[in-house]
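Commentary on secondary and tertiary structure
Listed below, chain by chain, are the residues.
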Protein chains: 2
Amino acid sequence: MMEILRGELRERELPFTQQREAIARVLFESTRHLSADDVEAALLDRGQQIGKATVYRSLALLVELGLATEHDFDEGFRRYQMKVGAAQYDHMICTVCGGVTQFRQEELEAVLSVVLQEAGFEPLTRQIKIFGTCHDCT
Amino acid sequence: MMEILRGELRERELPFTQQREAIARVLFESTRHLSADDVEAALLDRGQQIGKATVYRSLALLVELGLATEHDFDEGFRRYQMKVGAAQYDHMICTVCGGVTQFRQEELEAVLSVVLQEAGFEPLTRQIKIFGTCHDCT
DNA sequence: CTGCCTGCAAATGCTTTGCATCTCG
DNA sequence: CGAGATGCAAAGCATTTGCAGGCAG
């Protein structure tokens, strides 16, 4: 993982700094979607203090490098998550408990590609968010 | 349309004010997604000056009443649109020209409902946003 | 009348930016 | 050494809130 980051950075002749490594590691070691604050707190937990501006800048960079994804669950701030493989997930957000469940449905891809093809639209990223009540909160 | 708004408000014993009417009208007469600023400007165009706080409060109310929908196209602010019928639209957002194209695919509903059913998730609203390059900007 | 609304301005809270300093390569 | 990164604090912006005065019912 760190190797991939290192590679992407080298490719663009950008320095592989301690901060970038630490931020990517925090993100990578969590399965949840983290906010900039979450990342900052996690860093403090492990004794690393990194300025918030740097956290924001690094998160944006990771997204730009295609190594992380950015999500907006209507909380007033954004969350980030490392992309593991190529797969992208869609989300169900419970408006009661705030829980986020990821899902993936192959058939969805097929149906969507039909629409895109018809419109001559070249997809880059997509976000599918379904708000509602989860199983436990029903 | 105004009748519906009037009815929803009465039902909750909330006053049907000039401002609420004007804001709903602006939204209703536009086919596009409007930001709070857009609404404020449109109101000024027709000689009505309404405080921005009221615009925000009314838009939130319309969403709560189920008469309007809120969208976030990653521009740093939100946009609103009146719900015409029951139908909800999904969107393709061109990252080059910023254009938003609405679409609707019946098969999507079917595929999604399978996922939701499996998870025991009760949907309330959903947002499908596909970012990419539109036909004209290719 | 009474409660909810409106407007203004001030406050919020996330995110971005300017700038001096430091680090990677 | 030099380009780019970092940190801090200040700035930016969309959105929210407090409060005095107004309007709908």
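Here's a quick rundown of the structure. (Residues numbered from 1 in each chain as written. Chains lettered and ligands numbered in written order. Predicted model: local features only at pLDDT ≥ 70, side-chain atom pairs only at ≥ 80, totals over all residues. Heavy atoms only, no water.)

With that settled, the discussion passes to the relation of the copies chain B and chain A. In screw terms, the move from chain B to chain A is a rotation of 179° and a rise of 0.0 Å along the axis, fitting with an RMSD of 0.1 Å. The relationship between the two copies is best expressed as a two-fold rotation axis. Of every C-alpha in chain B, the one belonging to I128 of chain B sits nearest the axis of rotation, 2.2 Å from it. When the interface residues of chain B are mapped onto chain A, 97% of them again lie at the interface, so the same face is used by both copies. (Least-squares fit on C-alpha atoms with pLDDT ≥ 70 in both. Contact = heavy atoms within 4.5 Å.)

Summed over all chains, the structure comprises 26 salt bridges over all chains. For D37 of chain B, the salt bridge is made with K52 of chain B, and the minimal N-O distance between the two is 2.8 Å. On the criterion of sequence distance, the pair formed by D37 of chain B in helix α3 (residues 36-45) and K52 of chain B in helix α4 (residues 52-64) is long-range, its members being 15 residues apart. On the accessibility criterion, D37 of chain B (46% relative accessible area) is partly exposed. A salt bridge links E40 of chain B to K52 of chain B; the shortest N-O distance between them is 3.2 Å. Residue E40 of chain B is located in helix α3, and its partner K52 of chain B is located in helix α4; the two are separated by 12 residues in the primary sequence. The structure contains a network of salt bridges with shared partners spanning D90, R104, E106, E109 and R126 of chain A. (Salt bridge = Lys/Arg side-chain N within 4 Å of Asp/Glu carboxyl O. Helix = DSSP H or I, 4+ residues; strand = E, 2+ residues; numbered from the N terminus. Buried < 20%, exposed > 50% of the residue type's maximum accessible area, 1.4 Å probe, protein only.)

The next thing to look at is the nonpolar core. Counting residues in each nonpolar core, the largest one holds 24 residues, and the members touching the most others are F103, L108 and I130 of chain A together with F103, L108 and I130 of chain B. Listing elements by their share of this core, those giving two or more residues are β4 (90-94), α5 (106-119) and β6 (122-133) of chain A together with β4 (90-94), α5 (106-119) and β6 (122-133) of chain B. Contact partners of I130 of chain A, with chain neighbours within four places excluded, come to H91, M92, I93 and F103 of chain A together with L112, L116, F121, P123, T125 and R126 of chain B. (Core = buried A, V, L, I, M, F, W, Y, C linked by side-chain atoms within 4.5 Å.)

Strands belonging to one sheet form pairs held by backbone hydrogen bonds; the direction of such a pair is parallel or antiparallel. Taking strand neighbours across the sheet as the criterion, the six strands line up as β5(A)-β4(A)-β6(A)-β6(B)-β4(B)-β5(B) in an open arrangement whose pairing is mixed. The open sheet has two free edges, formed respectively by β5 (100-103) of chain A together with β5 (100-103) of chain B, since each of these has just one partner strand. Averaged over all pairs of adjacent strands, the angle between strand axes in this sheet comes to 20°, irrespective of strand direction. Here β4 of chain A runs beside β5 of chain A; their pairing, made up of four bridges, is antiparallel. Paired with M92 of chain A across the two strands is T101 of chain A, which belongs to β5 of chain A. This element, α5 of chain A, spans β4, β5 and β6 of chain A together with β4, β5 and β6 of chain B of the sheet and lies at about 130° to β6 of chain A. (Pairing = 2+ DSSP bridges. Axes fitted to C-alpha atoms, helices over the stretch in contact; angles between N-to-C directions.)

Turning to the interface of chain B and chain A, a few remarks are in order. Taken together, the contact pairs 34 residues of chain B with 33 residues of chain A. Taken together, the two surfaces of chain B and chain A that pack against each other cover about 2,900 Å², and 66% of this comes from carbon and sulfur. When the buried surface of chain B facing chain A is broken down by residue, F121, Q127 and I130 of chain B rank first, second and third, together holding 20% of it. Counting every contact that joins chain B to chain A gives zero salt bridges. (Buried area = accessible area lost by both parts, 1.4 Å probe.)

Before going further, it helps to spend a moment on the protein's contact with DNA strand C. The environment of DNA strand C is formed by 19 residues, the closest being Y56 of chain A together with T17, R20, T54 and R57 of chain B. Within the side chain of T54 of chain B, an N or O atom sits 2.8 Å from a phosphate oxygen of DNA strand C. Sorting the residues of the surface near DNA strand C by element identifies α4 (52-64) of chain A together with α2 (18-29) and α4 of chain B as the ones contributing at least two each. Its residues placed into classes, the surface near DNA strand C shows nine nonpolar, six polar and four charged. (Near = heavy atom within 4 Å. Polar contact = N/O pair within 3.5 Å; in protein donor to acceptor, adjacent residues only side chain to side chain. Nonpolar A, V, L, I, M, F, W, Y, C, P; charged D, E, K, R; others polar.)

Another point: the packing of aromatic side chains. Describing an aromatic ring pair means giving the distance of the ring centres and the angle of the ring planes. In total, this model carries zero aromatic pairs over all chains according to the counting rule given. Sitting over the face of the ring of F16 of chain A, R6 of chain A holds its NZ or CZ atom 4.2 Å from the ring centroid. (Phe/Tyr/Trp six-rings, centres within 6.5 Å; stacked < 30°, edge-to-face > 60°. Lys NZ or Arg CZ within 6 Å of the ring centre and 35° of its normal.)

So, on to the sheet that holds strand β3 (residues 79-82) of chain B. All names here are of chain B. Reading across from one edge, β1-β3-β2 is the order of the three strands in this open sheet, with antiparallel pairing throughout. Looking at strand neighbours, the two that pair on one side only are β1 (34-35) and β2 (68-71), the edges of this open sheet. Where β1 meets β3, two bridges bridge the pair, whose relative direction is antiparallel. Residue pairing for β3: L34 is matched across the bridge by Y80. Strands in contact with α2 are β1, β2 and β3; relative to β3, the strand with the most contacts, it is inclined by about 85°.

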